[in-house]
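# Examination of the molecular architecture
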Protein chains: 2
Amino acid sequence: MAGDDAKKSKPKGNASGGGKKKEVKKETGLGLSYKKEENFGEWYSEVVVNAEMIEYYDISGCYILRPWTMAIWEIMQAFFDAEIKKMKIKNCYFPLFVSPGVLEKEKDHIEGFAPEVAWVTKSGKSDLEVPIAIRPTSETVMYPYYSKWIRGHRDLPLKLNQWCNVVRWEFSNPTPFIRSREFLWQEGHTAFATKPEADEEVLQILELYRCIYEEFLAVPIIKGKKSEMEKFAGGLYTTSVEAFIPNTGRGIQGATSHCLGQNFAKMFEINYENEKGEKSMVWQNSWAYSTRTIGVMVMVHGDDKGLVLPPKVASVQVIVIPVPYKDADTKGIFDACAATVESLCGAGIRAEADFRDNYSPGWKYSHWEVKGVPLRIEIGPKDLANNQASNLFSFLHLSHFPLVRAVRRDNGAKIDISRVNLVEELKDLIDNIQQSLFDAAKQRRDSCIQVVNTWDEFREALNQRKLILAPWCDEEEVEQDVKARTKGEIGAAKTLCSPFDQPELPEGTKCFASEKPAVKWTYWGRSY
Amino acid sequence: MAGDDAKKSKPKGNASGGGKKKEVKKETGLGLSYKKEENFGEWYSEVVVNAEMIEYYDISGCYILRPWTMAIWEIMQAFFDAEIKKMKIKNCYFPLFVSPGVLEKEKDHIEGFAPEVAWVTKSGKSDLEVPIAIRPTSETVMYPYYSKWIRGHRDLPLKLNQWCNVVRWEFSNPTPFIRSREFLWQEGHTAFATKPEADEEVLQILELYRCIYEEFLAVPIIKGKKSEMEKFAGGLYTTSVEAFIPNTGRGIQGATSHCLGQNFAKMFEINYENEKGEKSMVWQNSWAYSTRTIGVMVMVHGDDKGLVLPPKVASVQVIVIPVPYKDADTKGIFDACAATVESLCGAGIRAEADFRDNYSPGWKYSHWEVKGVPLRIEIGPKDLANNQASNLFSFLHLSHFPLVRAVRRDNGAKIDISRVNLVEELKDLIDNIQQSLFDAAKQRRDSCIQVVNTWDEFREALNQRKLILAPWCDEEEVEQDVKARTKGEIGAAKTLCSPFDQPELPEGTKCFASEKPAVKWTYWGRSY
């Protein structure tokens with residue numbers, strides 16, 4: 001039953017955990033004090049705290065992931081883990097610590113991560129002989145062992161994944177889920193004999209990431225390839241799923257699937273004897289998604305009442321709330337609630353009842369709205385009356401059960417459902433909510449896409465916080481130049497990705513920025 | 001299919017990963033170079049490496065957990081996680097990092113961990129303002145927030161668990177699984193209104209730990225209570241499951257379930273308003289099991305051929321090996337193997353076939369023996385001949401299928417099974433192996449138990465590396481004294497636990513060490 005960890009209602013201290021820069025001011029009551037349209041940053045902090053997803057921690061940039069968050073993470077993890085196991089990818093666990101020599105072996109790679117690496121230099125009161133790094137990612141942790149394990153072509157492919165924490169000691173604007181100093185993720189690391197095999201896997205994994213965003217989190221994404229500037233440090237090419245936050249007009253990299261080519265193989269000497277007995281080098285991929293996914297979901301679906309959870313990732317899909325009145329038979333109502341929960345759970349719907357006797361129904365409505373539960377069911381004496389049966393037992397009997405009031409979190413719609421069809425109708429409703437959330441998010445996202453062809457159009461669209469699709473010459477110095485020319489208080493524009501789904505590029509189209517011949521359409525914008 | 005990560009057969013370097021103290025000397029071929037009876041320490045290192053469970057890492061005391069290990073961990077995790085969810089315990093994730101002020105709040109507690117704490121003092125090239133600790137356990141990480149979240153009696157019980165890594169920078173004798181600087185575990189942290197509720201949960205969790213050891217890992221354990229000296233630092237009392245390694249004559253703490261009492265509640269001000277409106281303090285528990293479980297299993301069941309896996313935790317329960325000969329129809333044999341695997345998997349048995357064409361059947365037998373797979377099935381032309389059918393298709397047909405040769409890993413027994421009953425018979429065999437492993441381990445363990453009544457008997461039993469059960473006065477200074485009097489090269493004796501299952505203690509029985517009146521039977525021995 002609900003309420004076991006519902007402690008937020010009466011916070012002891014301030015909601016930010018003390019000593020945090022981003023203090024969340026809380027008014028009495030359950031409503032949010034900030035509006036999504038008016039003050040997005042404060043609204044976001046308030047939602048993740050009040051929905052009991054996050055607790056701010058006394059070390060800046062670190063956050064406590066509460067059960068309401070972990071349930072979402074575990075649902076996605078169960079899906080992804082099963083899918084990669086079908087692909088014969090196996091789980092492993094490599095150490096948290098990296099020795100400096102190994103960490104610094106791949107120069108481009110370490111340049112990308114060095115400023116953010118946390119170093120352990122002491123144990124107890126003693127200094128370590130050599131400082132030891134905490135993994136920001138595990139390429140350099142793992143690949144010396146790939147070199148050892150891979151000898152002949154029969155050792156390939158080698159396909160490993162791990163679920164773990166990583167640490168990137170960033171100083172810029174920590175944000176729960178989106179940018180935190182420690183986060184949870186999976187990281188896959190695979191090695192193949194040939195490039196086509198690696199290329200194929202990059203896209204298979206990217207498709208799984210699309211599923212997580214679009215089918216689980218109901219967040220529309222764009223699949224595409226990163227520019228040379230934005231690709232993974234040390235890799236060959238990076239593909240990603242890119243989401244967009246209309247309220248801030250910022251793109252956000254959702255997850256990445258990299259083909260590392262043979263660069264790490266060269267550095268770490270990952271060679272094998274091919275079928276002809278010749279020494280060859282492997283082709284490698286690495287790919288990851290993190291708890292950032294959850295933050296994107298909050299930003300995309302949340303509203304002024306709080307979190308809005310897509311049913312597929314909601315640990316509680318239906319909350320059943322008894323609505324007793326003075327003269328009504330409370331036990332009868334409670335029994336009806338319990339029976340409803342039981343029948344829903346039996347049908348595979350994640351349902352709970354909120355039987356707490358120290359809160360009013362109205363308080364409970366708000367509470368579960370803040371927490372984003374997709375559907376609320378209210379059961380009270382009105383339903384009994386509807387039934388025109390004074391006998392409680394008939395109330396509990398299926399054939400005599402009255403209409404039940406269901407309320408959708410996503411659009412507030414109230415629906416009266418006959419108890420006879422309750423399970424079936426709720427299942428349809430749940431599917432419908434999942435689809436509606438995606439459709440609405442896609443509509444909002446699409447309305448932000450602006451196709452531009454010239455620099456002036458680009459500047460204007462950027463000022464309007466659009467997701468900009470522009471013809472580009474694909475030259476690194478041009479991207480550099482665009483970055484420099486758009487540098488301002490709220491951040492420079494950069495490429496998000498070149499979508500795999502390319503609109504037609506008419507012969508003679510020029511790059512919006514350099515006026516050189518354009519070679520592809522690319523999404524541009526500010527980003528997280 | 002098997003073999004995707006079977007890289008161990010031709011190691012590039014030495015098996016210890018380079019630069020390790022405990023170097024595992026490998027001879028050519030698959031056999032182990034050390035015997036369990038003769039050189040237990042080296043035997044153990046060799047088993048965990050050659051079975052592809054562990055790879056030694058270039059930082060001492062850190063180990064790579066390979067897929068063969070992670071599969072075992074995931075099976076136990078699925079069981080335990082489902083069980084605690086039934087108890088309404090919810091998963092969360094607290095940060096890896098602890099600030100010094102919080103870490104040091106509970107004096108007894110931190111005294112127990114301080115020498116092993118790893119400190120982060122730098123990020124990139126900058127010194128941190130304040131050094132930050134890496135969690136050795138999470139009491140002090142979590143409880144400030146318990147204080148915040150718990151306000152009234154309705155907020156109780158609060159029951160959280162997390163699956164995570166922890167770091168204890170130990171310097172004494174690192175051993176894979178058993179004593180490593182980073183390890184994986186679950187840690188549960190619960191708070192109750194009353195002591196009886198806390199007491200009850202301590203034992204419920206301990207029973208789950210017994211299940212993991214006895215029913216999954218087939219390792220017999222003793223449930224009991226730790227002495228005051230050996231209990232968890234800062235807690236009220238500690239219960240544990242204690243295993244024993246006959247070869248070394250050492251006890252090993254398998255998992256612990258602590259009642260913390262109200263000590264942490266006092267330090268962290270975890271108060272609530274009770275039903276009468278009075279301020280009360282919560283009662284707390286914490287409990288954990290780690291990847292150490294896997295090491296205990298290896299030590300208890302392994303033999304001179306390598307690892308021996310109990311079927312319940314084996315990711316491959318049955319390995320099917322084709323045995324082709326020159327004149328035989330290889331394709332027919334391979335098809336029969338594939339069909340066998342399919343029917344076993346369909347029946348819920350975890351089966352794979354080893355179709356690699358560059359290894360002989362004999363090599364494969366050894367390979368899967370080292371890896372500890374509980375059952376091997378051989379399918380070859382002999383089986384065809386038995387069938388007296390020259391037509392291959394009839395070979396595949398159930399009713400014409402010959403006897404199949406099955407070989408047990410635990411005792412080497414060879415059993416010919418009719419194909420008609422294959423699934424049923426294998427299921428029985430798997431159950432039988434699981435039970436046999438437990439029975440054999442229990443017999444070996446029990447034969448090491450020595451009841452003693454006097455100091456002289458105690459000394460002798462200790463010299464014989466027994467698991468000693470002795471009447472004890474339960475005084476801390478006596479345990480201290482026993483420790484001092486038995487200090488030697490291979491370690492002092494200490495209490496392991498006072499078993500819940502107490503033999504009768506006749507009136508007037510004296511403590512074996514102090515000759516004061518004994519109050520309980522207690523297990524003593526050297527330990528890991």
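Residues numbered from 1 in each chain as written. Chains lettered and ligands numbered in written order. Predicted model: local features only at pLDDT ≥ 70, side-chain atom pairs only at ≥ 80, totals over all residues. Heavy atoms only, no water.

Moving on: the overall build of chain A. Across its full length, chain A carries 15 helices and 23 strands. In terms of principal-axis extent, the alpha carbons of chain A reach across some 85 × 55 × 50 Å. Per-residue burial for chain A yields a buried fraction of 60% across its 528 residues. Look at the contacts in chain A between residues 6 or more apart in sequence, and 69% of them connect residues 24 or more apart. With an accessible surface of roughly 20600 Å², chain A has 49% of that area assigned to carbon and sulfur atoms. (Helix = DSSP H or I, 4+ residues; strand = E, 2+ residues; numbered from the N terminus. Buried < 20%, exposed > 50% of the residue type's maximum accessible area, 1.4 Å probe, protein only. Contact = heavy atoms within 4.5 Å. Areas by Shrake-Rupley, 256 points an atom, 1.4 Å probe, with all protein chains shown as cover.)

All names here are of chain A. Counted according to the given criterion, the structure contains zero disulfides over all chains. Of all cysteine sulfurs, the one in cysteine 497 lies closest to cysteine 259, which takes part in no disulfide; the gap is 17 Å. The buried category is assigned to cysteine 259, whose relative accessible area is 0%. Unpaired in this structure, cysteine 497 has its nearest cysteine sulfur neighbour in cysteine 448, at a distance of 16 Å. (Disulfide = S-S within 2.5 Å.)

Quick look at the packing of helix H9 (residues 330-346) of chain B against helix H13 (residues 422-448) of chain B now. All names here are of chain B. Put simply, H9 and H13 touch, their axes get as near as 10 Å, and they point 65° apart. Judged by the twist between their axes, the crossing of H9 over H13 is right-handed. In this structure, H9 contributes Thr340, Ser343 and Leu344 to the contact, and H13 contributes Leu422, Val423 and Leu426. (Axes fitted to C-alpha atoms, helices over the stretch in contact; angles between N-to-C directions. Left-handed = near helix turned anticlockwise from the far one by under 90°.)

Attention now moves to the interface of chain B and chain A. Across the boundary between the two partners, chain B contributes 75 residues, which contact 76 residues of chain A. Together, the buried faces of chain B and chain A total about 6500 Å²; carbon and sulfur atoms form 56% of this surface. The interface formed by chain B and chain A holds six salt bridges in total. In this structure, the salt-bridge partner of B:Arg154 is A:Asp357, at a minimum N-O distance of 3.3 Å. Where chain B touches chain A, the interface holds 35 residue pairs in polar contact (both at pLDDT 80 or more). For the side of chain B that touches chain A, the leading source of residues is strand S5 (residues 118-123) of chain B, giving six residues. Classifying every residue of the side of chain B that touches chain A by side-chain character gives 41 nonpolar, 13 polar and 21 charged. (Buried area = accessible area lost by both parts, 1.4 Å probe. Salt bridge = Lys/Arg side-chain N within 4 Å of Asp/Glu carboxyl O. Polar contact = N/O pair within 3.5 Å; in protein donor to acceptor, adjacent residues only side chain to side chain. Nonpolar A, V, L, I, M, F, W, Y, C, P; charged D, E, K, R; others polar.)

The buried fraction of helix H5 (residues 139-149) of chain B amounts to 10 of the 11 residues, a majority that puts the element mostly inside the structure. Residues B:Glu139, B:Thr140, B:Val141, B:Met142, B:Tyr143, B:Tyr145, B:Tyr146, B:Ser147, B:Lys148 and B:Trp149 constitute the buried set of H5(B).

Let us now look at the domain arrangement of chain A. Residue and element names in this part refer to chain A. When cut into domains, chain A gives domain 1 (40-301), domain 2 (318-389 + 400-434) and domain 3 (448-525). Between the C-alpha centres of domain 1 and domain 3 the distance comes to 27 Å. Taken residue by residue, the interface counts 20 residues in domain 1 and 18 residues in domain 3. A combined buried area of about 1600 Å² lies between domain 1 and domain 3, and 64% of that area is made up of carbon and sulfur atoms. (Domains from an automatic or database assignment.)

UniProt annotation of "domain: Aminoacyl-transfer RNA synthetases class-II family profile" (unreviewed entry) refers to residues 72-310 of chain A when read in the numbering used here. The span residues 72-310 of chain A carries 31% helix and 33% strand; its end-to-end C-alpha distance comes to 10 Å. (UniProt positions renumbered as here; feature names shortened; annotations may be inferred.)

So, on to the sheet that holds strand S16 (residues 351-353) of chain A. All names here are of chain A. Taken in spatial order, the five strands make up an open sheet running S16-S15-S17-S18-S19, and their pairing is mixed. At either end of the open sheet lies a strand with only one pairing partner, and these are S16 and strand S19 (414-418). Going across the sheet, the axis of each strand differs from the next one's by a mean of 25°, ignoring polarity. Direction of pairing for strand S18 (residues 403-408) relative to S19: antiparallel, over a ladder of five bridges. The residue of S19 that forms the bridge with arginine 405 is aspartate 416. Against the sheet, helix H10 (residues 361-370) makes contact with strand S15 (318-322) and strand S17 (375-379), and its axis sits at roughly 170° relative to S15, the strand it touches most. (Pairing = 2+ DSSP bridges.)

Residues and elements named next belong to chain A. The buried fraction of strand S8 (residues 182-192) is high, at 11 of 11 residues. Here S8 shows a buried face lined by Glu182, Leu184, Gln186, Gly188, Thr190 and Phe192 and a second buried face lined by Phe183, Trp185, Glu187, His189 and Ala191. Across 10 bridges, strand S7 (residues 158-167) lies against S8 in antiparallel orientation. Paired with glutamine 162 across the two strands is glutamate 187, which belongs to S8. Bridge count between S8 and strand S14 (residues 283-290): eight bridges; the pairing is antiparallel. When the sheet's bridge partners are listed, glycine 188 is paired in S14 with tryptophan 287.

When chain B is fitted to chain A, the residual RMSD is 0.0 Å, and the transformation amounts to a turn of 180° plus an axial shift of 0.0 Å. The transformation just described matches what one would write down for a two-fold rotation axis. Minimal C-alpha distance to the rotation axis in chain B is attained by B:Val120, lying at 2.1 Å. Interface overlap between copies is the fraction of interface residues in one copy that are interface residues in the other; for chain B against chain A it reaches 100%, indicating a shared surface. (Least-squares fit on C-alpha atoms with pLDDT ≥ 70 in both.)

As a rule of thumb, soluble globular proteins bury nonpolar side chains together. Counting residues in hydrophobic clusters, the biggest one holds 84 residues, and the most contacted among them are A:Phe97, A:Tyr146, B:Phe97 and B:Tyr146. Among residues more than four places away in sequence, those in contact with B:Phe97 are A:Tyr57, A:Ile59, A:Cys62, A:Ile134, A:Val167, A:Trp169, B:Val120, B:Ile132, B:Ala133 and B:Ile134. (Core = buried A, V, L, I, M, F, W, Y, C linked by side-chain atoms within 4.5 Å.)

Moving on: the sheet that holds strand S6 (residues 126-134) of chain A. Strand order in the open sheet formed by six strands is S4(A)-S6(A)-S5(A)-S5(B)-S6(B)-S4(B), and the pairing between neighbours is antiparallel. Each end of this open sheet is capped by a strand with a single partner; those strands are strand S4 (97-98) of chain A together with strand S4 (97-98) of chain B.

The next subject is unusual backbone geometry. Residues and elements named next belong to chain A. Here the bond from leucine 156 into proline 157 is cis, since omega is -5°, no more than 30 degrees from zero. Within the element layout of this structure, proline 157 appears in the loop between helix H5 (139-149) and S7. The phi dihedral of aspartate 474 is positive, around 65°, even though this residue is not glycine.

The next point concerns the pattern of salt bridges. Considering all chains together, one arrives at 62 salt bridges over all chains under this definition. B:Arg179 is the salt-bridge partner of B:Glu170, the closest N and O atoms lying 2.6 Å from each other. Overall, the relative accessible area of 16% leaves B:Glu170 in the buried class. Of the charged contacts, one joins B:Glu214 and B:Arg210 as a salt bridge, the two residues approaching to 2.9 Å between their closest N and O atoms. Note that B:Glu214 and B:Arg210 are positioned in helix H6 (residues 195-216) at a spacing of four residues, about one turn of the helix. The two residues B:Glu214 and B:Arg210 agree in class, both being buried. Overlapping salt bridges bring together A:Glu207, A:Arg210, A:Glu214, A:Glu215 and A:Lys223 as one network.

Before going further, it helps to examine H9(B). All names here are of chain B. With 17 residues, H9 extends 24 Å from end C-alpha to end C-alpha; this agrees with the ideal 24 Å at 1.5 Å per step. Taken as a whole, H9 has its buried residues at Gly332, Ile333, Ala336, Cys337, Thr340, Val341 and Leu344. A positive phi of about 85° marks glycine 348, the residue just after H9. (Expected span 1.5 Å × (residues − 1).)

By secondary structure assignment, the location of B:Thr291 is in the loop between strand S14 (283-290) and helix H8 (292-301). Setting aside chain neighbours within four positions, we find B:Thr291 in contact with B:Leu65, B:Trp73, B:Phe177, B:Phe183 and B:Leu184.

Residue and element names in this part refer to chain B. With respect to the helices and strands, the residue aspartate 304 is situated in the loop between H8 and strand S15 (318-322). Residues aspartate 304 and glutamate 37, spaced 267 residues apart in sequence, show a C-alpha to C-alpha distance of 8.6 Å. Discounting chain neighbours no more than four positions away, the residues touching aspartate 304 are Leu32, Lys35, Lys36 and Trp43. One polar contact links the side chain of aspartate 304 to the main-chain amide nitrogen of lysine 36, over a distance of 2.8 Å.

What follows covers the packing of aromatic side chains. Applying the stated criterion across every chain, the model contains 62 aromatic pairs over all chains. Pairing A:Phe97 with B:Trp169 gives two aromatic rings, centres 5.3 Å apart and planes at 80°, and the pair type is edge-to-face. Placement of the pair is A:Phe97 in strand S4 and B:Trp169 in the loop between strand S7 (158-167) and strand S8 (182-192), with the two residues belonging to separate chains. Since its relative accessible area comes to 2%, B:Trp169 is described here as buried. Taking the centre distance of 5.0 Å and the plane angle of 75° together, the rings of B:Phe512 and B:Trp524 count as edge-to-face. Here the residue B:Phe512 occupies a position in the loop between strand S22 (494-499) and strand S23 (520-527), and B:Trp524 occupies one in strand S23, the gap between them amounting to 12 residues. Summarising the burial analysis for this pair, B:Phe512 and B:Trp524 share the class buried. One aromatic cluster in this structure is built from A:Tyr57, B:Phe94, B:Tyr143, B:Tyr145, B:Tyr146, B:Trp149, B:Phe264 and B:Phe268. Lying across the ring of B:Trp455, B:Arg485 places its NZ or CZ 3.8 Å from the centre. (Phe/Tyr/Trp six-rings, centres within 6.5 Å; stacked < 30°, edge-to-face > 60°. Lys NZ or Arg CZ within 6 Å of the ring centre and 35° of its normal.)

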